[in-house]
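Descriptive analysis of the structure
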Amino acid sequence: MRNLIDIVDFSVAELKELMDVACDIDMRPENYRERCKGKKLATLFFEPSTRTRLSFEAAMLELGGSVIGFSDASSCSASKGESVADTAKVISCYADIIAMRHPKEGAPYVAAKNASIPVINAGDGGHCHPTQTLADLLTIYRQKGKIEGITVGFCGDLKYGRTVHSLISALSRYNNINIVLISPDELKIPDYIKEDVIDKNAMTYTETKSLEDAMPSLDVLYMTRIQRERFDDANEYERLKGSYILTPEKLQNAKAELSILHPLPRVNEISVAVDQDERACYFKQVLNGKLMRMALILKLLSETDIEEKREADVVKNKIRCSNPRCIVSVEQELEHIFKPVDKANGIYRCVYCESQSIEKENN
Ligand code: NCD
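Throughout what follows, the structure given in this document is the object of discussion. (Residues numbered from 1 in each chain as written. Predicted model: local features only at pLDDT ≥ 70, side-chain atom pairs only at ≥ 80, totals over all residues. Heavy atoms only, no water.)

Focus: the site of the ligand
Taken together, the neighbourhood of the ligand is formed by Arg51, Thr52, Arg101, His129, Gln132, Arg162, Thr163, Arg225, Gln227, Pro263, Leu264 and Pro265. Take glutamine 132: an N or O atom from its side chain is 3.5 Å from a nitrogen atom of the ligand. Contact between the ligand and leucine 264: a nitrogen atom at 2.9 Å from a main-chain N or O atom of the residue. Against a free-state accessible area of 320 Å², the protein chains account for coverage of 95% of the ligand. Among the secondary structure elements, those contributing two or more residues to the shell around the ligand are helix 2 (51–62) and helix 6 (162–171). Looking at the shell around the ligand residue by residue, the classes come out as 3 nonpolar, 5 polar and 4 charged. A domain-level breakdown of the shell around the ligand finds at least three residues from each of domain 1 (7–126 + 288–302) and domain 2 (130–286). (Near = heavy atom within 4 Å. Polar contact = N/O pair within 3.5 Å; in protein donor to acceptor, adjacent residues only side chain to side chain. Areas by Shrake-Rupley, 256 points an atom, 1.4 Å probe, with all protein chains shown as cover. Helix = DSSP H or I, 4+ residues; strand = E, 2+ residues; numbered from the N terminus. Nonpolar A, V, L, I, M, F, W, Y, C, P; charged D, E, K, R; others polar. Domains from an automatic or database assignment.)

Below you can see the structure in the form of structure tokens.
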């Protein structure tokens, strides 16, 4: 079974194949109108979403398939205490493919391990959001004609912004990408992304608090919302929420061919006046998201006989994950599974949420 849990589940060649199919769907939609006839997509949204859920639904309907699902955790059996694993097994009897959004990190991975149909991660906590990355990549590709040799600025909540994490992972596999990380100190990119993605792939990057300083060098500016729902302290959110507001004035020293992206929803971080600027690409990004989800559904439904091996060389139940946002923190029966990233220094990561654990010798 092929799933899309993390963007690195797909190779660069596969991402290109998805982009080509998405462009073809855009040009010749009539060729795709019956491709999923008789197939059902289940949208299991345990966390609020409008655009991602409707994007999946529109994608499946435009392929001739149908959709079942829920958009509110309180209306499903999870509110009665059902585990993610059981939900995945049950839905496998009703549908052909699952798109799951969940507030706990790693929940879609648990679903993929237990479902007998493909599972797509539609966002798990502050961890990752690979289908938004598909939308982002197609937008960059269509605007720039390539995804190489560009400088991409990420601005805002780089700590909890799961779309940022997934897009950086994806970009790390393309050549000559330069990254500028623009955030307040409190919302810097998590260490695991810096160490396992940016450093490991020798990506060049700089960190700054100033959007104005970064602006002239950027080919792409990826603005993000400060993720209120992930803050433990409401005062901290209030203090940080106005950190960056993109206005036409701030764009004065930007490149003429800059592309401004935002996964949406926007709160106040891009002023509405910027929408008139031809460099604003965030509504094109929404259309690209639907096209890529169509291409993704087609791909996963055609590769159900491929076997994925995700858990080679893992350590089970010897290390415990202490991340309160990880799915293992609420589902007591799940095994705690860690994969080694640097055995010599005893560095392991949780397979669900990627939290790091350092194990001392003889431990
Ligand atoms: C993003 C998300 O859910 O992480 N939205 C989306 O999927 N379009 C970004 C956000 O909520 O800020």
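Focus on the sheet that holds strand 3 (residues 97–102)
Strand order in the open sheet formed by 4 strands is 2-1-3-4, and the pairing between neighbours is parallel. Of all the strands in the sheet, just strand 2 (66–70) and strand 4 (119–124) have a single pairing partner and so form its edges. Ignoring strand direction, the axes of neighbouring strands in this sheet form an average angle of 15°. As defined by bridge partners, strand 1 (residues 40–45) adjoins strand 3 across 5 bridges and the pair is classed as parallel. (Pairing = 2+ DSSP bridges. Axes fitted to C-alpha atoms, helices over the stretch in contact; angles between N-to-C directions.)

Quick word on the packing of aromatic side chains
As enumerated under the stated definition, the model contains 6 aromatic pairs in all. An angle of 85° between the planes, with centres 5.1 Å apart, marks the rings of phenylalanine 46 and phenylalanine 70 as edge-to-face. One end of the pair, phenylalanine 46, is in the loop between strand 1 and helix 2; the other, phenylalanine 70, is in strand 2, with 24 residues separating them in the sequence. When sorted by exposure, phenylalanine 46 lands in the same class as phenylalanine 70, which is buried. Note on tyrosine 282 and phenylalanine 283: the rings are 5.4 Å apart at their centroids and 65° apart in plane angle, and the pair reads as edge-to-face. Its relative accessible area of 1% is what places tyrosine 282 among the buried residues. These aromatic residues form a ring-pair network of at least three members: Tyr160, Phe231 and Tyr237. Over the ring of phenylalanine 10 we find lysine 299, and its NZ or CZ is 5.5 Å from the ring centre. (Phe/Tyr/Trp six-rings, centres within 6.5 Å; stacked < 30°, edge-to-face > 60°. Buried < 20%, exposed > 50% of the residue type's maximum accessible area, 1.4 Å probe, protein only. Lys NZ or Arg CZ within 6 Å of the ring centre and 35° of its normal.)

Considerations on the pattern of salt bridges
Within the structure shown, the criterion is met by 29 salt bridges. Across the pair glutamate 308 and arginine 2 runs a salt bridge whose closest N-O atoms are separated by 3.6 Å. Of the two residues, glutamate 308 sits in the loop between helix 10 (282–301) and strand 10 (315–316) while arginine 2 sits in the segment before helix 1 (12–27), which places them 306 residues apart along the sequence. Note that glutamate 195 is salt-bridged to arginine 349, the shortest N-O span being 3.6 Å. (Salt bridge = Lys/Arg side-chain N within 4 Å of Asp/Glu carboxyl O.)

What to know about helix 5 (residues 130–144)
Between its terminal C-alpha atoms helix 5 stretches 21 Å, which fits the 21 Å expected from 15 residues at 1.5 Å a residue. Summarising burial for helix 5: 11 of the 15 residues are buried, a large majority. For helix 5, the complete set of buried residues consists of Pro130, Thr131, Gln132, Thr133, Leu134, Ala135, Asp136, Leu137, Leu138, Thr139 and Ile140. Within two residues after helix 5, glycine 145 carries a phi angle of roughly 80°, on the positive side. (Expected span 1.5 Å × (residues − 1).)

Considerations on the packing of helix 6 against helix 7 (residues 191–199)
Here helix 6 crosses helix 7 at 15°, and the two axes come no closer than 9 Å. The orientation of helix 6 with respect to helix 7, classified from their angle, is roughly parallel. Judged by the twist between their axes, the crossing of helix 6 over helix 7 is left-handed. Packed against helix 6, whose contacting residues are His165, Ile168 and Ser169, the element helix 7 presents Tyr192, Ile193, Val197 and Ile198 at the interface. (Parallel < 35°, antiparallel > 145°, perpendicular 65-115°, else oblique. Left-handed = near helix turned anticlockwise from the far one by under 90°. Contact = heavy atoms within 4.5 Å.)

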